[in-house]
Amino acid sequence: MRKLILPLLIISVFGCKKNSNGPDAPKAVTTASYNFDTDANSTVMFADGESITLLTSEARRYEIGKVLRVKAVNATTIEVANFAPVEINDATILMTIEGQASPVKLFKIGKIRAHGVQEIKYPFITGDSKFLNNEGQEVDLAQYKSAGIPVEKVSFDFSGDTELIKKLKTLSKLKWKIKYHDFDPNDDPANNWKENIDAKDVRRFTGFIINLAYLFQEEATRTAFVAEPITDNNKIILTTVQKEEAFKKMIDIPNFNCGVVVNVSGLGGGATFGVANHVLKDYLTADVCFVVVHEMGHMIGYSHDSSMTYPTNPGNRGAVVATGNVYKDLLAKQQFPVKVSNYYKPQDLQ
Ligand SMILES: [Zn+2]
């Protein structure tokens, strides 16, 4: 009897040890990782020669807070797209299925190149069905493995700890939805819209709009704007509360329908936001608020009689001056998300 116990004990200890690491133990849930960084695993949006129809398509509309955009193509396929002209590393894609309390960490992105885009099958269709949610709890998506998830029941976001991702995430304070337009489809020479918007225009615009949004999410911009003497359309000085409201209106502009102008520096009103090529060339190295905040002033209803558009003189005071000072400061400190050093096509900036 005694002789039997020892081998049994050894077996059971061995068995226990094996069980905690081996194939019988509950498998630790790992988040799949993808790269979209070569021609083998992605294509590139806004490439030279892309048609105006595609450049200006509804499918290319994006929220400024989600420049790393994931959308459901159908129940089993999603599209991953980077609307920034810079590569993004170490992102986590989050998915929320209607009714779920916490988003699921759907997959990680090691690297997605600037303007990279790719369709993939949901990872729970091609791989393991177990995922972690944002609270670290295990979620089994096996029920969606064959039929997928109806497009209208799912939404996506991204997260990450890199400096760039943290900056891009701050843009979700703004409501801007961005789309590019050819505002002169009939090529009328009498108006100030460029005849044909091209891929380079849009590439440059994607970086410009990120940095403009970054300017407006900065607390320093709001502070400078509210402290600035600014007059309304009747040349009456705005109160602090009115300036706070005007600033919020700019944060809350729902749509930026972006186009390129010629002969003038900018055109703005309602959702229309046009800037000239010199703005799209210079925004990474010079203050462009004199043009662009002027147009945003028009977008929220201010005329040339208000110093939301042109500064008042003598004294040079107004919205474009206050915001321009912060713009210059962010440029000098290299704090904008898009910079000369990370913009992917240096020839675009010449
Ligand atoms: Zn104007």
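What you are looking at is a predicted structure, and each value in this text was computed from that prediction instead of being measured.

Here is what the cut-offs are and how they apply
Residues numbered from 1 in each chain as written. Predicted model: local features only at pLDDT ≥ 70, side-chain atom pairs only at ≥ 80, totals over all residues. Domains from an automatic or database assignment. Contact = placed C-beta atoms within 7 Å. Nonpolar A, V, L, I, M, F, W, Y, C, P; charged D, E, K, R; others polar. Axes fitted to C-alpha atoms, helices over the stretch in contact; angles between N-to-C directions. Helix = DSSP H or I, 4+ residues; strand = E, 2+ residues; numbered from the N terminus. Parallel < 35°, antiparallel > 145°, perpendicular 65-115°, else oblique. Left-handed = near helix turned anticlockwise from the far one by under 90°. Buried ≥ 20, exposed ≤ 12 C-beta atoms within 10 Å, placed from the backbone. Arc of directions from axis to C-beta. Pairing = 2+ DSSP bridges.

Asker: Please clarify how the domain arrangement of the protein should be interpreted in this entry.
Answerer: How big an interface is tends to be stated in terms of accessible area lost as the parts join. Splitting the protein by domain gives domain 1 (33-161) and domain 2 (179-349). Averaged C-alpha coordinates put domain 1 and domain 2 at centres separated by 30 Å. Residue-level contacts link 19 residues of domain 1 with 19 residues of domain 2. In the side of domain 1 that touches domain 2, the residues fall into 11 nonpolar, three polar and five charged.

Asker: Help me out: how do you make sense of the packing of helix α6 (residues 219-227) against helix α7 (residues 240-251) in this one?
Answerer: Here α6 crosses α7 at 140 degrees, and the two axes come no closer than 9 Å. The angle between the axes of α6 and α7 places the two elements in the oblique class. Between α6 and α7 lies a crossing whose hand is right-handed. Packed against α6, whose contacting residues are R222, F225 and V226, the element α7 presents T240, K243, E244 and F247 at the interface. Per-class residue counts for the contact of α6 with α7 are three nonpolar, one polar and three charged.

Asker: Could you clarify how one ought to interpret α6 in this entry?
Answerer: Because an α-helix completes one turn every 3.6 residues, residues spaced three or four positions apart along the sequence face the same direction. Every buried residue belonging to α6 is among T221, R222 and F225, and all of these are buried. Seen from one end, α6 has its buried residues packed into an arc of 95 degrees, which puts them on one side. Exposed residues lying more than 90 degrees from the buried face of α6 are E219 and A227.

Asker: Got a minute to help me understand the sheet that holds strand β12 (residues 177-180) in this structure?
Answerer: Strand-to-strand pairing in sheets goes through backbone hydrogen bonds, with the strands running parallel or antiparallel. Pairing is mixed across the open sheet formed by five strands, whose spatial order is β3-β12-β13-β15-β14. Across the chains shown, the open sheet's two edge strands, defined by having one partner strand only, are β3 (62-63) and β14 (266-269). Direction of pairing for β14 relative to strand β15 (residues 272-276): antiparallel, over a ladder of four bridges. Looking at the pairing, G268 lines up with F273 of β15. Together, β12 and β13 (255-261) form the strand contacts of helix α5 (residues 199-217), whose direction differs from that of β13 by roughly 135 degrees. Against the sheet, helix α9 (residues 289-299) touches β14 and β15, its axis set at about 25 degrees to β14.

Asker: Could you clarify how one ought to interpret the sheet that holds strand β7 (residues 104-112) in this entry?
Answerer: In space, the four strands of this open sheet follow the order β1-β7-β6-β11, with mixed pairing throughout. Both edges of this open sheet fall to β1 (33-36) and β11 (154-159), since each of them pairs with a single strand only. On average, each strand axis in the sheet is tilted by 30 degrees relative to the strand beside it, whichever way the strands run. Bridge count for β1 against β7 is four bridges, and the pairing is parallel. Its bridge partner being in β7, F36 is matched across the sheet by I112.

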